[in-house]
Amino acid sequence: MTETIIRAYRYALDPTPAQTEILHRYATASRCGFNFALGMKVAAYERWRADRNHLMAQGMNKAQATKKAPKVAMPNRNQTQADWRATRGQPFTGPLLPGQERPMPFAWWEGVNNRAYYTAFEDADTAWKNWLDSLAGRRPPMGFPRFKRRGRTRESFRIVHSLAKPDIRFEGPRRLRIPGGGGQPAFTVRLHQSPRDLTRLITTGQAVITSMTVARDGHRWHASVLARIEEELPTRPTRRQQAAGRVGVDLGVKSALVLSDPLTLHARQAPTLTLDNPRLLANTARKLARAQRTMARRFVKGAPQQSQGYQEARSKVAKLHAQLAARRATTQHLITKRLVQSYAEIALETLNTKGMTRSAKGTADKPGRNVRQKAGLNKAILDIGFAEIHRQIEYKARWHAVTLAHVPTFFPSSKSCHQCGWIHTGQTLKDREFHCEACGMIMDRDANAAHNIKKHAQPDQPQRPVQSPGAGAATPVDCM
Ligand SMILES: [Zn+2]
């Protein structure tokens, strides 16, 4: 069965000092482009609000005024683009909005490929839509979209690949070509890893590059290249997967994952039931905590400019954050990859929106332990990324013909005995072990939950693969 999938290939870049300058310029352009687009939206919104407030001052209540206030057309990407084309290169004369940085006389528009702006305008559309959706209750609550401030926002830009004029490509064994624009020629950046996996697919016509995101994480720049790939997927699990059958996966609070059956992560290590954040992460987290204390100590409140020492501490914190994120991602990918390779069926909890924002506090059914202690620790290490693990299992399952199974949302997986079904109503939140008073079974609480999930999950209805051929329409997935 051939399927079209979108995969991300991430490479560390090794730019020359001159190229680094260009990358900074692109990132600045993207940030300013976003702010330009958001500024237009905020201005339109403020006009509407002024009209509404005027009606309210005349004695209407809020609901009536909201209804009666004249509608304001929200400028979308196309309109932003037209405005930007008309005004770029000219001094900015418009009023400044609260929090908006004065767009320099549009100096940032030069020497940058137009597409870096267009995607930034698109991102502003998305940010605005997400905010509206959150107001309507279609998404978890969020704040009003914010301007991207210099030094506070991750430096990044995205360029959508034009299929008519394919100008993002690999050159030589380890170089990536970044298109020029605005009077600036294209240039090629050295890569740290070999892009051979992807170039081979491109040469045989199985893969097409759809877009590229370049971002700075700590001290290093990365390019994430999205490619649309035609792939031959297995129609049924391998014999080994079939022999292993089904596994129950519980997303614990103490351990990242607890399994009903042991899994071999590394060839030379014994199979394991609990997949914790590796010690590696704990070490980095300790270093991070120390670096953050140093940074806090060097911070001078109210100073117009922070010291050199503070800047150094700050870049160290950023570097450690980037390391932590990279290591966590590697671990997550390894776990989810092994799971889909090893089993024919994977049983999971049903993840609700609450589960996605689950914190150290845990949920009613699964309270977090050592909440105070954990809240004091760095959030980065505790944020195991339940939603991310689920997302990865879901898309990778298709690559290995794995069937997914889910237990109903409110199934009491940590309160009932997986052997006889007895429900422990009086279980205290601190109990690490599950003691069954009906059949005498004693087991780790999370392991019992994993067994329950394995036992009670219902296989999902097989989904017909829905893939839109449009670039960016499918959810991008990562290649690991
Ligand atoms: Zn029992």
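The coordinates are above.
## Considering unusual backbone geometry
Stage number 1. A positive phi is found at Ala401, a non-glycine position, where the angle reads about 55 degrees.
Stage number 2. Its place among the elements puts Ala401 in the loop between α12 (386-399) and β12 (403-407).
Stage number 3. We classify Ala401 as partly exposed; it has 17 C-beta atoms within 10 Å.

## Some words on the sheet that holds strand β8 (residues 246-250)
Stage number 1. Ordered in space as β10-β9-β8-β11-β12-β15, the six strands form an open sheet in which the pairing is mixed. Two strands bound the open sheet, and with one partner strand each, they are β10 (272-275) and β15 (458-459).
Stage number 2. Here strand β9 (residues 257-263) runs beside β10; their pairing, made up of three bridges, is antiparallel. Note on β10: the bridge partner recorded for Leu257 is Leu275.
Stage number 3. Its contacts with the sheet place helix α8 (residues 308-342) against β8, β9, β10 and β11 (345-349), and it is angled at close to 40 degrees to β9.

## Here's the deal with the packing of α8 against α12
Stage number 1. Following both chains from N to C, one finds α8 and α12 inclined at 40 degrees, their axes separated by 9 Å at the closest point. When the axis of α8 is compared with that of α12, the two are oblique. Pair α8 / α12 crosses with right-handed handedness. Each of Gln332, His333, Thr336, Lys337, Leu339 and Val340 in α8 lies in contact with α12, whose residues at this interface are Glu388, Ile389, Gln392, Ile393, Lys396, Ala397 and Trp399.

## Looking at the pairing of β9
Stage number 1. With respect to burial, β9 is a largely interior element, five of its seven residues being buried.
Stage number 2. Strand direction decides the pairing type here: β8 and β9, joined by two bridges, are antiparallel. From the neighbouring strand, Val249 faces β9, where its bridge partner is Leu259.

## Considerations on the pairing of β12
Stage number 1. Pairing geometry for β11 and β12, over five bridges, is parallel. Of the residues in β12, the one forming a bridge with Ala347 is Ala405.
Stage number 2. Here β12 pairs with β15 via two bridges, running antiparallel. Counted as the bridge partner of Ala405 is Pro459 from β15.

## Overview of the environment of His161
Stage number 1. Positionally, His161 belongs in the loop between β2 (156-160) and β3 (169-171).
Stage number 2. A residue is classified by how many C-beta atoms lie within 10 Å of it, and His161, with 22 of them, is buried.
Stage number 3. Those residues in contact with His161 that lie beyond four places of it in its chain are Pro166, Ile168, Ile209, Thr210, Ser211 and Met212.

## Quick notes on the nonpolar core
Stage number 1. Judged by nonpolar contacts, the single largest core of 42 residues is most densely connected at Tyr26, Ala37 and Ala116.
Stage number 2. When residues of this core are traced back to their parent elements, those giving at least two are β1 (2-14), α1 (17-57), α4 (114-135), β2, β4 (175-178), β6 (207-217) and β7 (220-232).
Stage number 3. Top element by residues in this core is α1. It accounts for eleven residues.
Stage number 4. Here this core spans two domains, since at least three of its residues come from each of domain 1 (2-18 + 156-232) and domain 2 (20-135).
Stage number 5. Look past the residues within four positions of Ala37 in its chain and what remains in contact with it is Thr80, Ala120, Phe121 and Ala124.
Stage number 6. By size, the runner-up hydrophobic cluster in this structure holds 25 residues, among which are Leu259, Tyr343, Ala447 and Ala457.

Conventions used here
- Residues numbered from 1 in each chain as written.
- Predicted model: local features only at pLDDT ≥ 70, side-chain atom pairs only at ≥ 80, totals over all residues.
- Helix = DSSP H or I, 4+ residues; strand = E, 2+ residues; numbered from the N terminus.
- Buried ≥ 20, exposed ≤ 12 C-beta atoms within 10 Å, placed from the backbone.
- Pairing = 2+ DSSP bridges.
- Contact = placed C-beta atoms within 7 Å.
- Axes fitted to C-alpha atoms, helices over the stretch in contact; angles between N-to-C directions.
- Parallel < 35°, antiparallel > 145°, perpendicular 65-115°, else oblique.
- Left-handed = near helix turned anticlockwise from the far one by under 90°.
- Core = buried A, V, L, I, M, F, W, Y, C linked by C-beta atoms within 7 Å.
- Domains from an automatic or database assignment.

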